[in-house]
Amino acid sequence: MSLEEVARRYAVAVSPHLLALVDPANPDDPIARQYLPSLAELTQLESERADPIGDQAHSPVPGIVHRHADRVLFKAVAACPVYCRFCFRREMIGPGKENALSPADFDRAIAYIAAHPEIWEVILTGGDPFILSPRRVAEVTDRLAAISHVKILRWHTRVPVTDPARVTDEMVASLQSAGVATWIAVHVNHPREFAPEARRAIARLVEGGLPLVSQSVLLKGVNDDVETLAALMRGFVENGIKPYYLHHPDLAPGTSHFRLSIDDGMALVASLRAQLSGLAMPTYMLDIPGGFGKVPLTADHVEKVDTGWRIRDMRGAWHAYSG
């Protein structure tokens, strides 16, 4: 086994900005663990899935995932400036993958949204849509804003902390258009990612009038202790970002070394709640494998059984889960 084998299977890219944050003297550096490939990625468990959250089952046209009536995911790109080692779409994105949208596919995706008046919110994802040029971002924003029933655009990105120079004043302006409210979900997993350059990039978004929410993944060896999580959530608030979701890791191939048990995660979040103000507290979430949607990992949605756990979805159905 070799790192070349990892790179043949999964995309690898790390920005110079992130490499500068890695502490070479620390073999357990939490920045390196998130972004640098590891031989552990070649271990795959039976429970892991190429499409762990069931995107494909809810994809009526290329680029669109319509799991919930009033909102869709629009996977506008299939690339990122960096590739997280725990990515739940790691089988679908990166060089050599066949998920990049052609111009015709892009038009079909827009047409699908326009043809479904129940769609109130469009969530731009990928890949990382902030890899697009400001000109292209403005085009996407304006075409979606022209659809009368679309009221909310939500862009999901890691770029402010992974490649902050991309967040220019031109990019901030391109995210806004009359008739829609634009929100940005910023994905950060460790407080050290709030480097000075990242703080300045986030400040440009805030000063541009864009409301920000957070996304984080609970990762073994990165942020699976109360002190780190508390510093991370306070870091969000200090930078004008409302803590939103803390995700339990998905069952993506080759990511078992990042996963802790649901029991451990729930205990950790309970300890976090005792330390943080409500303003800084995220919701601990699990995306149920198979496309059944996200649920909060609270007592009314989780039941421990001999084989692992049962998870109750938002429709009341129970699903077996073993991580």
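Preceding this paragraph is the structure being described.
The structure presented is a predicted model; accordingly, all values stated were derived computationally and were not measured. Per chain, residue numbering runs from 1 following the sequence as it is written. Per-residue local features are limited, in this predicted model, to residues with pLDDT of at least 70; the limit for side-chain atom pairs, both in listing and counting, is 80 or more; totals at the level of whole chains, interfaces and linings are taken over all residues. Working from all heavy atoms in the structure, the side-chain values ignore hydrogens and water.

Asker: Describe the side chain of His248, listing the residues and the values that go with them.
Answerer: A run of H or I in DSSP counts as a helix once it spans at least four residues, and a run of E counts as a strand once it spans at least two, with each numbered from the N terminus. Mapped onto the fold, His248 is located in the loop between β7 (241-247) and α10 (262-275). In this structure the side chain of His248 is engaged in a polar contact, spanning 2.7 Å, whose partner is the side chain of Tyr284. Residues count as neighbours in contact if any of their non-hydrogen atoms are within 4.5 Å of one another. Aside from chain neighbours lying at most four places away, what touches His248 is Leu260, Ser261, Ile262, Tyr284, Met285, Leu286, Leu297 and Tyr321. Two N or O atoms count as a polar contact when they lie within 3.5 Å, although within protein this holds only if one can serve as hydrogen donor and the other as acceptor, and sequence-adjacent residues are included solely when both atoms are side-chain atoms.

Asker: Describe a nonpolar patch on the surface, with residues and values.
Answerer: A contiguous nonpolar surface patch, about 330 Å² in accessible area, is contributed by Met1, Leu3 and Leu39. Note on placement: Met1 falls in the segment before α1 (3-9). The buried label goes to any residue with under 20% of its type's maximum accessible area, the exposed label to any with over 50%, and the partly exposed label to all in between, with areas taken from a 1.4 Å probe on protein chains only. Under the relative-accessibility criterion, Met1 is labelled exposed at 73%. For patches, a residue must show more than 30% relative accessible area and have no salt bridge; joins then use 9 Å for like charges and 5 Å for nonpolar side chains, namely Val, Leu, Ile, Met, Phe, Trp and Tyr. Methods summary: accessible areas were calculated by the Shrake-Rupley approach with a probe of 1.4 Å, and residue burial reflects only the protein chains presented. When a carboxyl oxygen of Asp or Glu lies within 4 Å of a side-chain nitrogen of Lys or Arg, that pair is called a salt bridge.

Asker: Describe in detail the side chain of Asn239, supporting the description with residues and values.
Answerer: Checked against the element boundaries, Asn239 lands in the loop between α9 (226-238) and β7. Since its relative accessible area comes to 10%, Asn239 is described here as buried. Reaching out from Asn239, the side chain makes a polar contact with the backbone oxygen of Gly235 at a distance of 2.8 Å.

Asker: Give me the packing of aromatic side chains: which residues, what numbers.
Answerer: Each Phe, Tyr or Trp ring (for Trp, its six-membered ring) is paired with any other whose centre lies within 6.5 Å, and the angle between the two planes then decides the class: stacked below 30 degrees, edge-to-face above 60, tilted in between. All chains considered together, the criterion is met by six aromatic pairs. Considering the side-chain rings of Phe74 and Phe106, the 5.5 Å spacing of their centres and the 35° angle between planes classify their relative orientation as tilted. Of the two residues, Phe74 is situated in strand β2 (residues 71-75) and Phe106 in helix α4 (residues 103-114); the sequence distance between them amounts to 32 residues. Seen from their ring centres, Tyr244 and Tyr245 are 3.9 Å apart, and the 10° between their planes marks the pair as stacked.

Asker: Please set out the nonpolar core residue by residue, giving values where relevant.
Answerer: The nonpolar core is taken to be a set of buried Ala, Val, Leu, Ile, Met, Phe, Trp, Tyr and Cys residues, with the residues joined through side-chain atoms within 4.5 Å. Counting 69 residues, the largest nonpolar core has Phe74, Ile113, Val122, Leu144, Trp155 and Ile311 as its most contacted members. In terms of residue count, the dominant contributor to this core is α9 (six residues). With sequence-adjacent residues up to four places away left out, Phe74 is seen in contact with Gly63, Ile64, Leu101, Phe106, Ala109, Ile110, Ile113, Val122, Ile123, Leu124, Thr125 and Leu144. Judged by nonpolar contacts, the second largest core, of 14 residues, contains Ala32, Phe86, Leu219 and Phe258.

Asker: Report on the packing of α9 against α10, specifying residues and quantitative values.
Answerer: Helix axes use the C-alpha atoms of the stretch in contact, all axes being lines fitted to C-alpha atoms, and the angles between their N-to-C directions lie in the range 0 to 180 degrees. Where α9 contacts α10, the two axes come as close as 10 Å, and the packing angle between them is 55°. As far as their axial angle goes, α10 and α9 are oblique. Crossing geometry of α9 relative to α10 is assigned as right-handed. Where α9 approaches α10, its residues Val226, Leu229, Ala230 and Arg234 are matched on the opposing element by Leu268, Ser271, Leu272 and Gln275. Here is the rule for angles: anything less than 35 degrees is roughly parallel, anything more than 145 is roughly antiparallel, 65 through 115 is roughly perpendicular, and the remaining ranges are oblique. Left-handed describes a crossing whose near helix is turned anticlockwise from the far helix through less than a right angle; right-handed describes the clockwise counterpart.

Asker: Residue-level account of the environment of Met233, with values.
Answerer: Considering the arrangement of structural elements, one finds Met233 in helix α9. Accessibility expressed as a relative area gives 0% for Met233, which makes it buried. Separated by 47 residues in the primary sequence, Met233 and Ala280 have C-alpha atoms spaced 5.6 Å apart. Dropping the residues within four chain positions of it, Met233 is found in contact with Ser216, Pro243, Leu276, Ala280 and Pro282.

Asker: Outline the pairing of strand β6 (residues 212-217), supporting the account with residue identities and numerical values.
Answerer: Most of β6 sits out of view: six of its six residues are buried. Burial along β6 is two-sided: the residues Leu212, Ser214 and Ser216 and Val213, Gln215 and Val217 are all buried. Here, any two strands with at least 2 DSSP bridges between them count as paired. Relative to β6, strand β5 (residues 181-187) is paired through four bridges, and the arrangement is parallel. From the neighbouring strand, Ile184 faces β6, where its bridge partner is Leu212. This β-α-β element, β6 to α9 to β7, shows right-handed connectivity. Whether a crossover is right-handed depends on one test, that the path from the first strand over the helix to the second runs clockwise when the strands point away from the viewer.

Asker: For the pairing of strand β12 (residues 318-321), give the residues involved together with the corresponding values.
Answerer: Burial along β12 is one-sided: the residues His319 and Tyr321 are buried and none of Trp318 and Ala320 is. Of the strand pairs in this sheet, strand β11 (residues 308-312) and β12 are connected by four bridges, and their pairing is antiparallel. By the bridge assignment for β12, Arg312 is matched with Trp318.

Asker: Account for helix α5 (residues 134-145), naming residues and giving values.
Answerer: In this model α5 runs 16 Å from its N-terminal to its C-terminal C-alpha over twelve residues, within 8% of the 16 Å that 1.5 Å per residue would give. Inspection of α5 places Pro134, Val137, Val140, Thr141, Leu144 and Ala145 among the buried residues, and these make up the whole buried set. Down the axis of α5, the buried side of the element spans an arc of 125°, and every buried residue falls inside it. Packed against the buried residues of α5 are β2, α4, β3 (121-125), β4 (152-157) and α7 (169-174). To estimate the expected span of a helix, subtract one from its residue number and multiply by 1.5 Å. Picture the helix axis, draw a direction to every C-beta atom, and the arc is the one those directions span.

Asker: Any details on the sheet that holds strand β10 (residues 302-305)? Residues and values, ideally.
Answerer: On the basis of which strands lie adjacent, the open sheet formed by three strands has the order β10-β11-β12 and antiparallel pairing. Because the sheet does not close on itself, it has two edges, and the strands there are β10 and β12. Averaged over neighbouring strand pairs, the angle between their axes works out to 25° when direction is ignored.

Asker: Break down the environment of Leu21 for me, with residues and values.
Answerer: When you line up the elements, Leu21 lands in helix α2 (residues 16-21). Through-space distance from the C-alpha of Leu21 to that of Asp225 is 20 Å; in sequence the pair is 204 residues apart. Beyond its immediate chain neighbours, meaning those up to four positions away, Leu21 contacts Ile31, Arg192, Glu193 and Ala195.

By themselves these figures say nothing about function.
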